[in-house]
Amino acid sequence: MPVVTRVTDLIGRTPLFELATTATGTRLLLKLEQFNPTGAAKIRMAREMVLDAERRGLLPSGGHIIESTSGNTGLGLAVVAAERGYRFTAVVDHHACKDKLRAMRAMGAELVYVADEGDDNLATSAREDLAEAMAAAQDDAYFTEQHNNDANAVGYYAVAEELLEDVERVDILLSAVGTGGSLFGTATRLRQLGCPPYVIGVEPVGSIAFGGPGGPYWQSGTGTPPGATIGTAVDYSLLDEGVKVSDVAAFATARAVAKKLGLMLGGSAGGSVYAGLTRLEEFPAGSTVVTIVCDGGEKYLDTVFDDDWMNDRDLLDADSEREVLGLLDRYSPARRKQLVEAR
């Protein structure tokens, strides 16, 4: 790694981790995006949205970036704004993890809340309405509007390029869908590079992007809650399957992976990993299955990894954790290697 002078120069080249392997050679690989600056994938698209706005003359020198965020996009924009000399205001709610909010403020962001202290409901629609109104009222402001910004998906093209540098092909791309940028941006670029994957989107139970009844959920930074608009980056023409995973299963998976392997995954990544583990033997033999882990679990020590917080919301489920631990044992790459060598 060369010496760099900007934090954003450290974006990318995140590692692949082989989590699970079947007897037929199908592998579940995790693209660990928590190794980016800010510990999340979204700094990729935060940078691209700002660069795109500059290229199109939408963001004046010394201007004001405004975004509605549950945390990770705001962290990325805080870095980019600091580097490039912009003000940044994050419109947030108390559903976001506190450490994300503290980190944004530490990097100079202004936080504007749409709900009172103690109201920890997800308020995506209210956040976006306020961010749009704030930007419209200021001549030097630009609302990056991540849910409806074409540069969002483009920011993830490099993920596809990195994947094909590390593996021969990606047969199945299975990941969480919030704005849709990470899954569909990566899938688009894989197609452009001659490697069209089978695309499986994962959202929380209660999210409405893949149909079904809407309702509350606790997985942060993913899904489309009732009343919110499905983002333009959600490209249904690329989607082969849309599946839903409950908060209980998603969080049990994150907790089980941490206990078994010492690998900390965010709650929404837990949902994707659960979907992958429970489907692994259904995929064609020898398949390479990739899940984009959008952030790590260290930001969720007060929520997903806190027994009291989990119990207060009826999310703690020992049986679900045991199920995932059993799947991790069954598909352990190290155990599979030992069995092969013993033959």
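Everything numeric in this text was worked out from a predicted model, so none of it was measured.

So what's going on with the overall build of the protein chain? Which residues, and what values?
Within the protein chain one finds 12 helices and 10 strands. Its C-alpha atoms give the protein chain a radius of gyration of 20 Å, near enough to 20 Å, the size a compact globule of 343 residues would have. Seen through its principal axes, the protein chain has C-alpha atoms that stretch 70 × 45 × 40 Å. Relative to its full complement of 343 residues, the protein chain shows a buried share of 57%. Taking contacts inside the protein chain between residues at least 6 apart in sequence as the whole, the part at least 24 apart equals 71%. One way to put it: in the protein chain the 32 positive side-chain charges average out to a point 6 Å from where the 49 negative ones average out.

Explain helix 8 (residues 247–261) to me, using residue names and the numbers behind them.
Along its 15 residues, helix 8 runs 21 Å from first to last C-alpha, staying within 8% of the 21 Å computed at 1.5 Å per residue. Of all 15 residues in helix 8, 11 are buried; the element is thus mostly enclosed. Turning to helix 8, its buried residues are Asp-247, Ala-249, Ala-250, Phe-251, Ala-252, Thr-253, Ala-254, Arg-255, Ala-256, Val-257 and Ala-258. Residues of helix 8 that are buried make contact with strand 8 (198–204), strand 9 (241–245), helix 9 (267–279), helix 10 (307–312) and helix 11 (318–330). Remark: Gly-262 follows helix 8 within two positions and exhibits a positive phi of approximately 75°.

Please give an account of the nonpolar core that cites residues and values.
Counting 38 residues, the largest nonpolar core has Leu-28, Leu-30, Leu-265 and Leu-277 as the members making the most contacts within it. The leading source of residues in this core is helix 8, at six residues. Apart from residues lying up to four places away in sequence, Leu-265 is in contact with Leu-30, Leu-32, Gln-34, Ala-254, Val-257, Val-273, Val-293, Asp-295, Gly-296, Gly-297 and Phe-305. Of all hydrophobic cores here, the second largest spans 27 residues; its members include Met-45, Met-49, Cys-195 and Val-290.

Tell me what's going on with the domain arrangement of the protein chain, and back it up with residues and numbers.
Along its sequence, the protein chain is organised into domain 1 (7–40 + 150–330) and domain 2 (41–143). In this assembly, 37 residues from domain 1 lie in contact with 25 residues from domain 2. Around 2500 Å² of area is buried between domain 1 and domain 2 when both sides are counted, 58% of it from carbon and sulfur atoms. Counting across the domain 1 and domain 2 interface gives three salt bridges. Inspection of the region where domain 1 meets domain 2 yields 10 residue pairs in polar contact (both at pLDDT 80 or more). Residues that form the side of domain 1 that touches domain 2 fall into these classes: 15 nonpolar, 13 polar and nine charged.

I'd like a rundown of the packing of aromatic side chains, residues and numbers included.
Aromatic ring pairs are defined here through the distance separating the ring centres and the angle between the ring planes. The final tally for this structure, using the stated rule, is two aromatic pairs. With 5.4 Å between their ring centres and 80° between their planes, Trp-218 and Trp-309 make a pair best called edge-to-face. With Trp-218 in the loop between strand 8 and strand 9 and Trp-309 in helix 10, this residue pair connects regions lying 91 residues apart in the sequence. Judged by relative accessible area, Trp-309 falls into the buried class, the value being 14%. With a centroid separation of 6.4 Å and 55° between ring planes, the pair formed by Phe-251 and Trp-309 is classed as tilted. Of this pair, Phe-251 sits in helix 8 while Trp-309 sits in helix 10, placing them 58 residues apart in sequence. Given a relative accessible area of 1%, Phe-251 falls into the buried group. Three or more aromatic residues link up through ring pairs in this structure, and these residues are Trp-218, Phe-251 and Trp-309. Between the NZ or CZ atom of Arg-313 and the centre of the ring of Trp-218, over which it lies, the distance is 4.8 Å.

What counts and how
- Just so you know, the residues in each chain are numbered from 1, in the order the chain's sequence is written.
- Reporting in this predicted model follows two pLDDT cut-offs: at least 70 for local features of residues, and 80 or more for side-chain atom pairs to be given and counted; totals over whole chains, interfaces and linings ignore these cut-offs and use all residues.
- The basis for every side-chain value is the complete set of non-hydrogen atoms in the structure, without hydrogens or water.
- Runs of E in the DSSP output that reach at least two residues are strands. Runs of H or I that reach at least four are helices, and both are numbered from the N terminus.
- Each radius of gyration reported is based on C-alpha atoms, and the globular scaling rule is 2.2 Å times the count of residues to the power 0.38.
- For each residue, the accessible area found with a 1.4 Å probe, counting protein chains only, is set against the maximum for its type, and the residue is called buried under 20%, exposed over 50%, and partly exposed in between.
- A contact between two residues is defined here by any heavy atoms of the two lying within 4.5 Å.
- Counted as positive: Lys and Arg. Counted as negative: Asp and Glu. His and the chain ends are not counted at all.
- Lys charges are placed at NZ, Arg charges at CZ, Asp charges at CG and Glu charges at CD.
- A helix's residues, less one, multiplied by 1.5 Å, set its expected span.
- The term nonpolar core refers to a set of buried residues drawn from Ala, Val, Leu, Ile, Met, Phe, Trp, Tyr and Cys, joined through side-chain atoms within 4.5 Å.
- Those domain boundaries reflect an automatic or database domain assignment.
- Each of two parts loses accessible area, computed with a 1.4 Å probe, when they are put together; buried area is these two losses added.
- The term salt bridge refers to a side-chain nitrogen of Lys or Arg lying within 4 Å of a carboxyl oxygen of Asp or Glu.
- Polar contact criterion, stated in full: a pair of N or O atoms within 3.5 Å, where within protein one must be able to donate a hydrogen and the other to accept it, and residues adjacent in sequence count only if both atoms are side-chain atoms.
- As a working rule, the residues Ala, Val, Leu, Ile, Met, Phe, Trp, Tyr, Cys and Pro are called nonpolar, Asp, Glu, Lys and Arg charged, and the rest polar, with Gly in that last group.
- Ring geometry is summarised as follows: Phe, Tyr and Trp rings, the Trp one being its six-membered ring, pair when their centres sit within 6.5 Å, and such pairs are stacked at plane angles under 30 degrees, edge-to-face over 60 and tilted between the two.
- Whether a charge sits over a ring comes down to the Lys NZ or Arg CZ being within 6 Å of the ring centre and within 35 degrees of the ring normal.

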